[in-house]
Amino acid sequence: MLDPTAQDISQDAIPCHPLGVKPSGNALLAAWNLRSAIGAFNILPDELIITVLELLDGAALLNIGRTCKAFYAFTRAEELWKALFIRSIPSGFSWRGTWRSTFLNLPESQVSILDCSHLFSDTLHRPFYCAHISLDPYVTKIPVRNAIPRLPDLSPEEFQESWTDKPFILTEPVRAWPVYQTWSVEALLEKYGDTVFRAEAVDWPLRTYGDYMHNNSDESPLYLFDRAFVSKMGLKVGKPDEEPDAAYWPPSCFGEDLFSVLGNDRPDRQWLIIGPERSGSTFHKDPNATSAWNAVLRGSKYWIMFPSSSKLPPPPGVYVSEDQSEVTSPLSIAEWLLGFHAEARRTPGCVEGICAAGEVLHVPSGWWHLVVNIEPSIAITQNFIPRAHLTAALDFLSRKADQISGFRKDVHDPYERFVKQLQVSHPDLLEQAYEQLKQKSEGKKRKWDELVHGKTAEDGNNADAPEGGFSFGFGDDGSDVEVP
Ligand SMILES: O=C(O)CCC(=O)C(=O)O
Ligand SMILES: [Fe+2]
């Protein structure tokens, strides 16, 4: 069942389920239940019925849906039709408001609505409920102690000195970008309607995505997230004094990006992000221990963030495997807000903020973040390695080779390549980073020896200076240090 307190605050705005399906609890007081018509299947829990239905193709789903109202309601579950659609994208389709209608190419006038008000199922009701909760209670009344600092702008020196480990919102730099002046969903549709962009598992012309954006009731709306938008849209990126036709440029305070030493072999760096209200990103840390900035051009985004530290657990409702390679948040953004937001807001370290159109937010390396669009939004994000996080990036690349992402397949051993290039262009920074890694490793080893072998620092026995690659972890990214 959903959290009853959360239900209270958002209940008002929630319309009736289109088929009248009610939450499971209502079965207790009901005189009769449509479920009894499904015969032997009645012993299966709702989730298992959906799992069985997942094995069927479209024709079989339609057939079983004709046998009784309960099966009709189960076969209307959108997740079934979304999966069928993604498995075999029909050619020349039009978006028709739901995954089922789109897959079956059904005009709205031919969609049947049967009264299933005597069916009681959280499994069927919850996605609908989550798709309609008001976001307001979660994104307003941010406690002052949690508020992400908002500043007009920062100099590169100020950023490097004081801000590389803190989230903040800048209200000035993005306002000067041509794309901030000219982009809107309508303007992009006009110019790039036929251009194909990536939206999670599908590649759709922007026109189709626009139709989806304006007419869907998904609990977790499909999110356009395209890493090749600069070339697809023929954009120029760069400082206006160097690139007079630039569409945008990274805010100057973030300074250099040390991944640039890899030239064309660098990992993916920038993404265009477009999504309707309620779309967004569930809790994650950014790839390869990079930092990021996220600039909103239209709409607005609510951010909730947590620092990364080996002393702190992951955010409430988020579960991480021991090597941190798998983040399990089996919840949609709405489910997380309903179930965990109140606790998260009380958790030390939590920060929150709204980044509005014309503003840019800084995500420091290693920070957890969940983001939800509170209006239809367009944003550009870019990941980078500032000097202050070179050590964290080197540690990640050397120790978590299986978790490295975003490099072209033919770029083998990105860590080694990165070190080689740094040796050429920034030998001093590389040296410093090695030194920091060494110190952290020795600190951990000393602590371990004290705890396990009763040795003290004076006993010596420090780790040897690393050669070429590191195989030990350090510090505050929650990593395990490997000790003898
Ligand atoms: O705008 C968003 O949804 C956040 C994107 C994000 O966190 C990311 O690109 O890593
Ligand atoms: Fe992110």
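The rules we used
- Residues numbered from 1 in each chain as written.
- Chains lettered and ligands numbered in written order.
- Predicted model: local features only at pLDDT ≥ 70, side-chain atom pairs only at ≥ 80, totals over all residues.
- Helix = DSSP H or I, 4+ residues; strand = E, 2+ residues; numbered from the N terminus.
- Buried ≥ 20, exposed ≤ 12 C-beta atoms within 10 Å, placed from the backbone.
- Contact = placed C-beta atoms within 7 Å.
- pLDDT = per-residue confidence, 0-100.
- Core = buried A, V, L, I, M, F, W, Y, C linked by C-beta atoms within 7 Å.
- Near = placed C-beta within 6 Å.
- Pairing = 2+ DSSP bridges.
- Axes fitted to C-alpha atoms, helices over the stretch in contact; angles between N-to-C directions.
- Parallel < 35°, antiparallel > 145°, perpendicular 65-115°, else oblique.
- Left-handed = near helix turned anticlockwise from the far one by under 90°.
- Nonpolar A, V, L, I, M, F, W, Y, C, P; charged D, E, K, R; others polar.

## A short note on the overall build of the chain
Piece 1. When its secondary structure is counted, the chain shows 17 helices and 15 strands.
Piece 2. Among the 484 residues that make up the chain, the fraction classed as buried is 37%.
Piece 3. A fraction of 76% describes how many contacts in the chain between residues 6 or more apart in sequence connect residues 24 or more apart.

## What about the confidence of the model for the chain?
Piece 1. Mean pLDDT over the chain works out to 88, with 88% of the residues at or above the 70 mark.
Piece 2. For residues 1-11, every residue scores under 50 in pLDDT, and the model assigns this stretch twelve contacts once sequence neighbours within four places are set aside.
Piece 3. In the predicted structure, residues 457-484 sits below a pLDDT of 50 and forms 55 contacts with residues beyond four places in sequence or in another chain.

## As for the environment of leucine 114
Piece 1. Positionally, leucine 114 belongs in the loop between α6 (99-104) and α7 (122-132).
Piece 2. The class for leucine 114 is partly exposed, based on 13 C-beta atoms found within 10 Å.
Piece 3. Spatially, the C-alpha atoms of leucine 114 and glycine 20 are 8.6 Å apart, while their sequence positions differ by 94 residues.
Piece 4. Residues in contact with leucine 114, not counting those within four places in the same chain, are Leu19, Lys69 and Tyr72.

## Here's the deal with the nonpolar core
Piece 1. The biggest cluster of nonpolar side chains holds 85 residues, and the ones touching the most others in it are Tyr209, Ala295, Leu297 and Ala393.
Piece 2. With seven residues, the single largest contributor to this core is helix α14 (residues 333-346).
Piece 3. Filtering out sequence-adjacent residues up to four positions away, tyrosine 209 remains in contact with Phe197, Ala199, Trp204 and Leu224.
Piece 4. Counting 19 residues, the second largest nonpolar core, distinct from the first, contains Phe71, Ala73, Ala77 and Phe85.

## What to know about the site of ligand 1
Piece 1. All residues in the neighbourhood of ligand 1 are listed as Trp271, Ile273, Gly280, Ser281, Asp286, Ala292, Asn294, Lys301, His369, Val371, Ala379 and Thr381.
Piece 2. Those elements giving two or more residues to the shell around ligand 1 turn out to be β6 (270-275), β7 (280-284), β8 (291-298), β14 (368-373) and β15 (377-384).

## Quick look at the sheet that holds β14
Piece 1. Pairing in this open sheet of four strands is antiparallel, and the strands run β7-β14-β9-β12 from one edge to the other. A single partner strand is all that each edge strand has here, and the edge strands are β7 and β12 (351-356). Shown here is a sheet whose adjacent strand axes are inclined to one another by a mean of 20°, direction ignored.
Piece 2. As defined by bridge partners, strand β9 (residues 300-306) adjoins β12 across six bridges and the pair is classed as antiparallel.

## Focus: the environment of arginine 207
Piece 1. Inspection of the secondary structure assignment puts arginine 207 in helix α12 (residues 206-214).
Piece 2. Taking the C-alpha atoms as reference points, arginine 207 and aspartate 194, separated by 13 residues in sequence, lie 6.4 Å from one another.
Piece 3. Among all residues touching arginine 207, those that are not within four sequence positions of it are Leu189, Gly193 and Asp194.

## Focus: the packing of helix α11 (residues 185-192) against α12
Piece 1. In contact at an axis separation of 9 Å, α11 and α12 are set at 150° when each is read in the N-to-C sense. Between α11 and α12, the angle falls in the class roughly antiparallel. With respect to the hand of their crossing, α11 and α12 are arranged in left-handed fashion. Between α11 and α12, the residues in contact are Val185, Leu188, Leu189 and Tyr192 and Leu206, Arg207, Gly210 and Met213, respectively.
Piece 2. In terms of residue class, the contact of α11 with α12 is made up of six nonpolar, one polar and one charged.

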